[in-house]
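In case you want the letters, here they are:
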Amino acid sequence: MSPITYNSPLIALAVLICSVTCYAAMDMLGRVRRSRTRAKSSWLLAGACVLATGIWATHFVSMMALELPFVLGHEIDLTLASWLAGLVATLIVFYVSSRSALSAWAILAAAIPVATSTCALFYLGNLSLQLTPAIVYLPLPTATTALAFYLVVAASMWIAHRL
């Protein structure tokens, strides 16, 4: 079995994509909050698209950085579904985070569909890999990952709302 290696320039690119995405998303969230016109909906949609695409691109560039002794392919339908799952998640995040009054309970409740959609983005992205044998997910690690997504999403939404 050959050792697992990563392409360092691709890892650096993934970090850059993630950093630029976060900056752009926070800027657009600020624009959503300041808007009082029909532009608010446009900023919300644009911000959600930027954040979803950035998360998705970070994930796929990171997966490409894993150097394997064989060529990987992706199923286009699952790849697009993973981006759509990210869009659902980020639309909810932008909508909830743009509210002027937001309780801790509202954030905890909103984090459920956001974490679910974010998990779908990552797991659909992984499932889109054309591998033999197929990836098998174990229940406990998968549930632990879902819980981690939930906690990170709730904390991120709380922080975004406080800014």
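Data block above holds the structure.
Residues numbered from 1 in each chain as written. Predicted model: local features only at pLDDT ≥ 70, side-chain atom pairs only at ≥ 80, totals over all residues. Heavy atoms only, no water.

Visitor: Outline the overall build of the protein chain, listing residues and values.
Guide: Of regular secondary structure, the protein chain possesses five helices and two strands. Helices and strands appear in the protein chain in the N-to-C order β-α-α-β-α-α-α. Taken across its 163 residues, the protein chain has 35% of its residues classed as buried. Counting only contacts in the protein chain whose residues sit at least 6 apart along the sequence, the fraction spanning at least 24 positions is 84%. Of the side-chain charges in the protein chain, 8 are positive and 4 negative, and the distance between the mean point of each set is 30 Å. (Helix = DSSP H or I, 4+ residues; strand = E, 2+ residues; numbered from the N terminus. Buried < 20%, exposed > 50% of the residue type's maximum accessible area, 1.4 Å probe, protein only. Contact = heavy atoms within 4.5 Å. Lys, Arg positive; Asp, Glu negative; His and termini not counted. Charge placed at Lys NZ, Arg CZ, Asp CG, Glu CD.)

Visitor: Tell me what's going on with the side chain of Ser128, and back it up with residues and numbers.
Guide: The topology assignment puts Ser128 in the loop between helix H4 (104-127) and helix H5 (139-162). There is a polar contact of 3.4 Å between the side chain of Ser128 and the side chain of Thr79. When residues no more than four places from it in sequence are discounted, the contact partners of Ser128 are Phe60, Gly73, His74, Glu75, Leu78 and Thr79. (Polar contact = N/O pair within 3.5 Å; in protein donor to acceptor, adjacent residues only side chain to side chain.)

Visitor: Describe in detail the environment of Ile76, supporting the description with residues and values.
Guide: Looking at the secondary structure, you find Ile76 in helix H3 (residues 76-97). Spatially, the C-alpha atoms of Ile76 and Gly125 are 9.8 Å apart, while their sequence positions differ by 49 residues.

Visitor: Tell me about the pattern of salt bridges, and please be specific about residues and values.
Guide: Counted under the stated rule, the structure contains one salt bridge. We note a salt bridge from Arg31 to Asp27, for which the minimum N-O separation is 2.9 Å. Separated by four residues within a single helix, Arg31 and Asp27 lie in helix H1 (residues 8-34), roughly one turn from each other. (Salt bridge = Lys/Arg side-chain N within 4 Å of Asp/Glu carboxyl O.)

Visitor: Tell me about H4, and name the residues and values.
Guide: Under the 1.5 Å per step criterion, the end-to-end length of H4 is 34 Å for 24 residues, consistent within 8% with the ideal 34 Å. In H4, a bend of some 30° at Ala111 exceeds every other bend along the element, and Pro113, a proline, comes one to four places later. Where H4 is concerned, the buried positions are Ile107, Ala110, Ala111, Val114, Ala115, Ser117, Thr118, Cys119, Leu121, Tyr123, Gly125 and Asn126. On the buried face of H4, the contacting elements are helix H2 (39-65), H3 and H5. (Expected span 1.5 Å × (residues − 1). Bend = angle between axes of the 7 residues up to and from the residue.)

Visitor: Which residues make up the packing of aromatic side chains, and what are the values?
Guide: Counted under the stated rule, the structure contains three aromatic pairs. With 4.8 Å between their ring centres and 90° between their planes, Tyr123 and Tyr137 make a pair best called edge-to-face. With Tyr123 in helix H4 and Tyr137 in the loop between H4 and H5, this residue pair connects regions lying 14 residues apart in the sequence. Classification of Tyr123 by relative accessible area gives buried; the value is 18%. By relative accessible area, which is 30% here, Tyr137 ends up partly exposed. (Phe/Tyr/Trp six-rings, centres within 6.5 Å; stacked < 30°, edge-to-face > 60°.)

Visitor: Go over the packing of H3 against H5 with me, naming the residues and quoting the values.
Guide: Contact geometry of H3 with H5 gives a least axis separation of 9 Å together with a crossing angle of 40°. As far as their axial angle goes, H5 and H3 are oblique. The hand of the H3/H5 crossing is right-handed. Where H3 abuts H5, its residues Val93, Val96 and Ser97 lie against Met157, Ala160 and His161. Considered class by class, the residues forming the contact of H3 with H5 number four nonpolar, two polar and no charged. (Axes fitted to C-alpha atoms, helices over the stretch in contact; angles between N-to-C directions. Parallel < 35°, antiparallel > 145°, perpendicular 65-115°, else oblique. Left-handed = near helix turned anticlockwise from the far one by under 90°. Nonpolar A, V, L, I, M, F, W, Y, C, P; charged D, E, K, R; others polar.)

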